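The lines below spell out each chain.
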Amino acid sequence: MEAGGAGGGGGGGEMALYVWPRRAACLTAHVGCVALTVTLAALSMPGSSVFSWHPFLMSLGFCLFMTEAVLLFSPDCSPLRSWPRAARARWHWVLQALAVTCAVAGLAAICWEKQRNGRPHFSSWHGLLGLITCIYVFVQACCGPALLYPKLLFKKVSLAKLKLYHATYGLLGYVLACTSVLLGLCSAWFASHVAGPAWLACAACPVLAALVAMNQVTNAYLFQKRVQL
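Residues numbered from 1 in each chain as written. Predicted model: local features only at pLDDT ≥ 70, side-chain atom pairs only at ≥ 80, totals over all residues. Heavy atoms only, no water.

Asker: Mind showing me how you'd approach the state of the cysteines here?
Answerer: Covalently bonding the sulfur atom of one cysteine to the sulfur atom of another cysteine gives a disulfide. Scanning all chains against the criterion turns up one disulfide. Residue C26 pairs covalently with C77 via a disulfide, S to S 1.8 Å. Between C26 and C77 the disulfide shows an S-S torsion of about -55°. By sign, it is left-handed. Note that C26 is positioned in helix α2 (residues 9-44) and C77 in the loop between α3 (53-71) and α4 (85-117), a separation of 51 residues in sequence. We note that C26, like C77, is buried. Unpaired in this structure, C63 has its nearest cysteine sulfur neighbour in C33, at a distance of 5.7 Å. The cysteine C202 is free of any disulfide, with C205 supplying the nearest cysteine sulfur at 6.1 Å. (Disulfide = S-S within 2.5 Å. Helix = DSSP H or I, 4+ residues; strand = E, 2+ residues; numbered from the N terminus. Buried < 20%, exposed > 50% of the residue type's maximum accessible area, 1.4 Å probe, protein only.)

Shown next as structure tokens:
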């Protein structure tokens, strides 16, 4: 950005047209996911029933912790942008661990609730994709430590390739998580509480977050790493 300003007003103007919409979208993703998490917490009232823990924990894990873990590496609006990459990576692991923990607990809550009431498990698209997403992110999280000890686990694979694989499959996991959240917003429970423009605003949150993450990963990893490799 500084280079564009030094190159002339026209270059700086073109850079601003590119940078500021990205920053605005990223900031909106931050605020939107926090707002959606708070909304689901208020609607579900965690602790009021076994089911109440499911939307609360899933939103906390997927909407808040996982989104913030991804956006920690955003060059546009990371809250830790000035920190060394190693420090951001440590917080990334912490947030992802919290996200997986919440997802597993949220999955257990809905399974327990359905078992108590004699209802079938994973009979909807939301339930089925939610199960797949939980399994996927758990496996992805288990593969994450390979980046910490690449020489011990993958002696013949370069660290650059491991980062590329982790970014690619991590993005897929995040898109699955956002899609699962979106399907949850289409459930009868949520539709009975929120409708009209408010529902559209809630539904836009995971969609925007997924688009921001896709743009971030493709710019920071996929294109650059492909050139390096």
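Asker: Please clarify how unusual backbone geometry should be interpreted in this entry.
Answerer: In terms of backbone geometry, most residues other than glycine have negative phi values and most peptide bonds are trans. Located in the positive-phi region is M45, a residue other than glycine, with phi close to 50°. Relative to the assigned elements, M45 resides in the loop between α2 and α3. Positive phi outside glycine occurs at F122, with the angle close to 55°. With respect to the helices, strands and loops of the structure, F122 is situated in the loop between α4 and α5 (125-143).

Asker: Would you take a moment to explain the nonpolar core for this structure?
Answerer: Most often, soluble globular proteins have nonpolar side chains that are buried together. Residues L36, F62, M66 and Y174 are the most contacted members of the largest nonpolar core, which totals 44 residues. Those elements giving two or more residues to this core turn out to be α2, α3, α4, α5, α7 (159-185) and α9 (197-228). Ranked by residues supplied to this core, first place goes to α3 with eleven residues. Beyond its immediate chain neighbours, meaning those up to four positions away, F62 contacts T67, A103, T133, C134, V137, Y174, A177 and V181. (Core = buried A, V, L, I, M, F, W, Y, C linked by side-chain atoms within 4.5 Å. Contact = heavy atoms within 4.5 Å.)

Asker: Teacher, can you tell me more about empty space enclosed by the protein here?
Answerer: One simple way to see leftover space: roll a probe sized like a water molecule over the atoms. With the rule as written, the count across this model stands at one cavity of 30 Å³ or more. The computed volume of the largest cavity comes to approximately 30 Å³. Forming the walls of the largest cavity are C33, F62, C63, T67, Y174, C178, V181, P206 and A209. Residues of the lining of the largest cavity, tallied by class, amount to eight nonpolar, one polar and no charged. (1 Å grid on protein atoms, 1.4 Å probe; cavity = no way out; pocket = protein on both sides within 12 Å on 5 of 7 lines; lining within 4 Å. Points joined across faces, edges and corners; volume = space filled by probe spheres on them. Nonpolar A, V, L, I, M, F, W, Y, C, P; charged D, E, K, R; others polar.)

Asker: Help me understand the confidence of the model for the protein, please; the structure alone is not making it clear to me.
Answerer: For residues with low pLDDT, the predicted coordinates do not support detailed interpretation. Mean pLDDT over the protein stands at 86; residues scoring 70 or higher make up 85%. When mean pLDDT is taken per element in the protein, α3 scores highest with 96 and helix α1 (residues 2-7) scores lowest with 40. Across residues 1-9, confidence stays below pLDDT 50; counting only partners more than four residues off in sequence or on other chains, it has seven contacts. Note that pLDDT drops below 50 for residues 225-229; the model gives that stretch seven contacts with residues more than four away or on any other chain. (pLDDT = per-residue confidence, 0-100.)

Asker: Could you clarify how one ought to interpret the UniProt feature "transmembrane region" (unreviewed entry) in the protein in this entry?
Answerer: Under the feature "transmembrane region" (unreviewed entry), the UniProt entry names residues 24-45, 51-73, 93-112, 124-148, 169-192 and 198-223. Structurally, residues 124-148 is divided into 76% helix and 0% strand, and its ends, taken at the C-alpha atoms, are 38 Å apart. Across residues 169-192 one finds 88% helix and 0% strand; the C-alpha atoms that close the span lie 35 Å apart. (UniProt positions renumbered as here; feature names shortened; annotations may be inferred.)

Asker: Sorry if this is basic, but what is going on with the packing of α3 against α4 here?
Answerer: Describing two packed helices takes the angle between their axes plus the distance from one axis to the other. Where α3 contacts α4, the two axes come as close as 8 Å, and the packing angle between them is 160°. The orientation of α3 with respect to α4, classified from their angle, is roughly antiparallel. The two elements α3 and α4 cross, and the hand of that crossing is left-handed. Contacts between α3 and α4 pair W53, H54, L57, M58, L60, G61, F62, F65, M66, E68, A69 and V70 from the former with H92, L95, Q96, L98, A99, C102, A103, A105, G106, L107, A109 and I110 from the latter. Of the residues in the contact of α3 with α4, the class split is 18 nonpolar, five polar and one charged. (Axes fitted to C-alpha atoms, helices over the stretch in contact; angles between N-to-C directions. Parallel < 35°, antiparallel > 145°, perpendicular 65-115°, else oblique. Left-handed = near helix turned anticlockwise from the far one by under 90°.)

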